[in-house]
Amino acid sequence: MDLSAVREGSHAVSAAHLFTYLVPEGAQEAAEFGVTDRGPAYLAFRSAALGAVPWQVTLAAFYNFSPRAVRAMDGVWDAAPPERWQAARFVAVGRAMRRVGVRMTADRLAEARSLIDPVVAGADYAGRVLAAANASVALPSDPLVALWQQITVVREWRGDAHLVVLADNGVGPCDCLVLHTAAGGLPTALARTTRRWNDEEWAAATARLTARGWLNSEADVPSSSVPSSPVPGASDTGAALVDATLTDAALTDAGRAARERIEAETDEHCAALWAPIGETGARRLAALIAPIAEAFTAAGTFQAVRPA
């Protein structure tokens, strides 16, 4: 299978899934459970499909978060059981989609489901923990939200595969985040605020990547420049995070090549996932679900995760 089609389908799926972490509706639903800290709320929403697992299990599945970030979710299952968090997530997704005016006709929704459903049904979930958990969740009655949940399964499948590739390449949890920010994938302030790696850990990861020839200098990030609240891309604080000025290490040519190799290896893992619909199906699905990301882009939702 042409890996460019795998990449195209994966990018479209990720773009259509991302908004859930950035919209105010999620915080509003979490507040109904008495959880107003958006760090634990994010962790509860995303890991709800796993069930009432201890925070250490969520840490293992999320990979690039520090233990101190994930430990903050301890107690969220006392506020509400996972099935209520999952239901609230669907409510938030549906409300957000209606607010920004996602437009997909019944025919378009049906065609998208005809393509993504075989992908979800035919996937091999061995070692794909978050994907398997999401695949076990009963689909909601709202057709648009049901499509989004299927999109979530595929997005988490690629994420699970990516963690395997990172580990195989010796790129640890903090290292992969430093590499991601150096490549311009996420503002450093936002990455450090949500994942909560401290100065020493960030510096050590930067030094390891520099020793591999992937970065050209060590990052010097004073703790005072990193916002203290663990907000996972919340829209009301996103502008402040993006405006934060930090001194970052830059990718070398070798670093760019290594990062692309890791992405290509992840695509290779995902080729079997997309096999039920082939290259044409993957590209068609990407086109069909594009209105989701387009509507949220037009609404300014993704501004918080655009590097300064």
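Small disclaimer: the values here were computed from a predicted structure and weren't measured.

Calculation rules
Counting of residues starts from 1 at the beginning of each chain's written sequence and follows it residue by residue. Thresholds applied to this predicted model are a pLDDT of at least 70 for local features of residues and 80 or more for the giving and counting of side-chain atom pairs; totals over whole chains, interfaces and linings are not thresholded and use all residues. To obtain the side-chain values, all non-hydrogen atoms of the structure were included, while hydrogens and water were left out. In what follows, salt bridge is the name for a side-chain nitrogen of Lys or Arg lying within 4 Å of a carboxyl oxygen of Asp or Glu. Only DSSP runs of H or I with at least four residues qualify as helices, and only runs of E with at least two residues qualify as strands; both kinds are numbered from the N terminus onward. Per-residue accessibility, obtained with a 1.4 Å probe over protein chains only, is compared with the maximum for each type, and a residue is labelled buried under 20%, exposed over 50%, and partly exposed between these values. For this analysis, a ring pair means two rings from Phe, Tyr or Trp (six-membered ring only for Trp) whose centres lie within 6.5 Å, classed as stacked if their planes differ by under 30 degrees, edge-to-face if by over 60, and tilted for the remaining angles. Whether a charge sits over a ring depends on NZ of Lys or CZ of Arg being within 6 Å of the ring centre and within 35 degrees of the ring normal. Put simply, buried Ala, Val, Leu, Ile, Met, Phe, Trp, Tyr and Cys residues joined by side-chain atoms within 4.5 Å make one nonpolar core. Contacts between residues were defined by any pair of non-hydrogen atoms, one from each residue, lying within 4.5 Å. Two cysteine sulfur atoms make up a disulfide if the distance between them is within 2.5 Å. Lining residues are defined by having an atom within 4 Å of a point belonging to a cavity or pocket. Those points lie on a 1 Å grid over the protein atoms alone, cavities being sets where a 1.4 Å probe fits but cannot get out and pockets being open sets with protein on both sides within 12 Å along at least five of seven lines. Grid points are joined across faces, edges and corners, and a volume is the space filled by probe spheres set on the points. Throughout this entry, Asp, Glu, Lys and Arg are counted as charged residues, while Ala, Val, Leu, Ile, Met, Phe, Trp, Tyr, Cys and Pro are counted as nonpolar. The remaining residues, Gly among them, count as polar. Multiply 1.5 Å by the residue count of a helix minus one, and that product is the helix's expected span. Throughout, an axis means a line fitted to C-alpha atoms (over the contacting stretch in the case of helices), and angles, computed between N-to-C directions, take values from 0 to 180 degrees. Throughout, the term roughly parallel applies to angles under 35 degrees, roughly antiparallel to angles over 145, roughly perpendicular to angles from 65 to 115, and oblique to all others. Crossing handedness is defined as follows: a turn of the near helix away from the far one that is anticlockwise and smaller than a right angle gives a left-handed crossing, while the clockwise case is right-handed.

Caption draft 1: Inspection of the pattern of salt bridges at higher detail. In total, this model carries 18 salt bridges according to the counting rule given. The salt bridge involving Glu 111 is made with Arg 284; its shortest N-O contact spans 2.8 Å. Of the two residues, Glu 111 sits in helix H8 (residues 106–122) while Arg 284 sits in helix H16 (residues 278–298), which places them 173 residues apart along the sequence. Judged by its relative accessible area of 31%, Glu 111 falls in the partly exposed class. For Arg 284, a relative accessible area of 38% gives the class partly exposed. With a closest N to O distance of 3.2 Å, Glu 156 and Arg 155 form a salt bridge. Taking relative accessible area as the criterion, Glu 156 reaches 1% and is therefore assigned buried.

Caption draft 2: View of the side chain of His 17. Following the sequence through the fold, His 17 ends up in helix H1 (residues 3–18). His 17 gets classed as buried once you look at its relative accessible area, which sits at 1%.

Caption draft 3: Layout of the packing of aromatic side chains. For the structure on display, the rule yields 8 aromatic pairs. With a centroid separation of 4.9 Å and an interplanar angle of 65°, the aromatic rings of Phe 33 and Trp 85 are classed as edge-to-face. One end of the pair, Phe 33, is in the loop between helix H2 (24–31) and helix H3 (38–47); the other, Trp 85, is in helix H7 (residues 82–100), and 52 residues separate them in sequence. In this structure, Phe 33 and Trp 85 share a single accessibility class: buried. Sitting above the plane of the Trp 157 ring, Arg 128 keeps its charged end 4.5 Å from the centroid.

Caption draft 4: Geometry of the nonpolar core. If you look at the biggest cluster of nonpolar residues, it comprises 72 residues, and the most contacted ones within it are Phe 19, Met 97, Val 102, Trp 274, Ile 289, Ile 292 and Phe 296. Among residues more than four places away in sequence, those in contact with Phe 296 are Phe 19, Val 23, Ala 96, Met 97, Val 100, Val 102, Thr 301 and Phe 302. The next biggest cluster of nonpolar side chains, apart from the first, holds 24 residues, and it includes Tyr 21, Tyr 42, Phe 45 and Met 73.

Caption draft 5: The arrangement of the state of the cysteines in detail. Under the defined criterion, the tally for this structure stands at 0 disulfides. Cysteine Cys 174 remains unbridged, with the sulfur of Cys 176 as its closest cysteine sulfur at 8.1 Å. Judged by its relative accessible area of 4%, Cys 174 falls in the buried class.

Caption draft 6: Representation of the layout of surface pockets in the model. What the largest pocket holds in volume is close to 1,400 Å³. Taken together, 41 residues line the largest pocket, and the ones lying closest to its centre are Ser 14, Leu 18, Arg 155, His 180 and Arg 195. Put simply, the parts of the chain that give the lining of the largest pocket at least two residues each are H1, H3, helix H4 (55–62), helix H10 (143–168), helix H11 (173–182), helix H12 (188–195) and helix H15 (253–274). Taken together, the residues that form the lining of the largest pocket break down as 21 nonpolar, 11 polar and 9 charged.

Caption draft 7: Quick look at H8. In this model, H8 (17 residues) spans 24 Å end to end at C-alpha, consistent with the 24 Å of a helix rising 1.5 Å per residue. Listed in full, the buried residues belonging to H8 are Leu 109, Ala 112, Leu 115, Ile 116, Val 119 and Val 120.

Caption draft 8: Here's a closer look at the side chain of Thr 20. Along the chain, Thr 20 turns up in the loop between H1 and H2. Here Thr 20 is in contact with Arg 89, Val 93 and Trp 148, once residues within four sequence places are set aside.

Caption draft 9: Main features of the packing of H11 against helix H13 (residues 199–211). One can describe the packing of H11 onto H13 by two numbers: an axis separation of 9 Å at closest approach and a directional angle of 75°. Taken together, H11 and H13 sit at an angle that is classed as roughly perpendicular. Facing Cys 174, Asp 175, Leu 177, Val 178, Leu 179 and Thr 181 of H11, the residues of H13 in contact are Glu 201, Trp 202, Ala 205, Thr 206, Arg 208 and Leu 209. Here the contact of H11 with H13 is built from residues that sort into 7 nonpolar, 2 polar and 3 charged.

Caption draft 10: Structural view of the packing of H1 against H16. One way to put it is that H1 packs onto H16 with a least axis distance of 8 Å and a crossing angle of 25°. By the angle between their directions, the pair H1 and H16 is classed as roughly parallel. Both H1 and H16 take part in a crossing whose hand is left-handed. For the pair H1 and H16, the contacting residues are Ser 4, Ala 5, Glu 8, Gly 9, Ala 12, Val 13, Ala 15 and Ala 16 in the first and Glu 279, Ala 282, Arg 283, Ala 286, Ile 289, Ile 292 and Ala 293 in the second. Of the residues that constitute the contact of H1 with H16, the class distribution is 10 nonpolar, 2 polar and 3 charged.

Just geometry here; none of it tells us what the structure is for.
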